[in-house]
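# Structure at a glance
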Amino acid sequence: MHYQTESWGSYLPVARPVGDPVERIERMAAESAVVIFSVSTCCMCHAVKSLFCGMGVNPTVHELDHDPRGKELEKALARLSGAPPSAAVPVVFIGGKLVGAMDRVMASHINGTLVPLLKEAGALWL
């Protein structure tokens with residue numbers, strides 16, 4: 001698993017802030033098969049990271065509270081996902097496509113569409 005904080009695993013340097021926050025999110029979301037935008041103190045973020053780890057998925061996690069432009073990215077994620085700014089994270093991208101917040105990830109998991117989506121993105125092989 002790739003994380004930006006040592007408490008969750010290996011460290012990824014924060015990308016140099018360039019351009020529009022939405023463009024930056026799109027670039028970051030395309031980095032790997034599963035990308036999670038998170039805040040290190042958020043319990044729902046922890047839950048979604050645990051879900052993917054438990055499934056054997058190795059997501060790239062961007063902890064926005066460790067990014068100098070994290071608040072900008074949170075606002076852009078809220079606009080993209082349709083969430084209120086106070087509930088902007090976690091946000092999950094699979095295969096570079098927005099899946100959404102915890103509720104959509106869990107709904108996909110429960111209805112059986114999450115695993116095929118992860119396989120299609122190359123995040124799961126079995």
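This text gives an overview of the structure that appears in the document. (Residues numbered from 1 in each chain as written. Predicted model: local features only at pLDDT ≥ 70, side-chain atom pairs only at ≥ 80, totals over all residues. Heavy atoms only, no water.)

This paragraph deals with the pairing of strand β5 (residues 91–94). Burial along β5 is two-sided: the face carrying Val91 and Phe93 and the face carrying Val92 and Ile94 are both buried. Examined bridge by bridge, strand β3 (residues 34–38) and β5 share four bridges and lie antiparallel to one another. Bridge pairing links valine 35 to phenylalanine 93 in β5. Across three bridges, the pairing between β5 and strand β6 (residues 97–100) is antiparallel. Pairing of isoleucine 94 across the sheet is with lysine 97, part of β6. Hairpin connection, β5 to β6: the antiparallel pair is bridged by two residues, and glycine 95 has positive phi, about 60 degrees. (Buried < 20%, exposed > 50% of the residue type's maximum accessible area, 1.4 Å probe, protein only. Helix = DSSP H or I, 4+ residues; strand = E, 2+ residues; numbered from the N terminus. Pairing = 2+ DSSP bridges.)

Attention now moves to the packing of helix α1 (residues 21–29) against helix α3 (residues 70–81). Viewed as axis vectors pointing N to C, α1 and α3 meet at an angle of 80 degrees, and their least axial separation amounts to 9 Å. Of the possible angle classes, the one that applies to α1 and α3 is roughly perpendicular. From α1, Pro21, Val22, Arg24, Ile25 and Met28 reach across to α3, where they touch Glu72, Leu73, Ala76, Leu77, Arg79 and Leu80. Its residues assigned to classes, the contact of α1 with α3 comprises eight nonpolar, no polar and three charged. (Axes fitted to C-alpha atoms, helices over the stretch in contact; angles between N-to-C directions. Parallel < 35°, antiparallel > 145°, perpendicular 65-115°, else oblique. Contact = heavy atoms within 4.5 Å. Nonpolar A, V, L, I, M, F, W, Y, C, P; charged D, E, K, R; others polar.)

For the rest of this paragraph, the subject is the nonpolar core. In terms of nonpolar packing, the biggest core is built from 17 residues, with Val34, Phe52 and Leu118 touching the most fellow members. Going through the elements one at a time, β3, α2 (43–54), β5, α4 (102–111) and α5 (114–121) are the ones with two or more residues in this core. Sort the elements by how many residues they give to this core and α2 lands first, with three residues. The contacts of valine 34, once residues within four sequence positions are left out, are Phe52, Val57, Pro59, Thr60, Val92, Phe93, Ile94, Leu118 and Ala123. Ranked by size, the runner-up nonpolar core spans 16 residues in total, among them Val22, Val39, Cys45 and Leu73. (Core = buried A, V, L, I, M, F, W, Y, C linked by side-chain atoms within 4.5 Å.)

Turning our attention to the pattern of salt bridges. In this structure the tally under the stated criterion is four salt bridges. The closest approach of N and O atoms between aspartate 67 and arginine 24, which form a salt bridge, is 2.6 Å. In this pair, aspartate 67 is assigned in the loop between β4 (60–63) and α3 and arginine 24 in helix α1, connecting sequence segments 43 residues apart. Taken as a pair, aspartate 67 and arginine 24 share a single burial class, namely buried. Salt-bridge contacts for glutamate 63 lead to lysine 49; the nearest nitrogen and oxygen are separated by 2.7 Å. One end of the pair, glutamate 63, is in strand β4; the other, lysine 49, is in helix α2, and 14 residues separate them in sequence. (Salt bridge = Lys/Arg side-chain N within 4 Å of Asp/Glu carboxyl O.)

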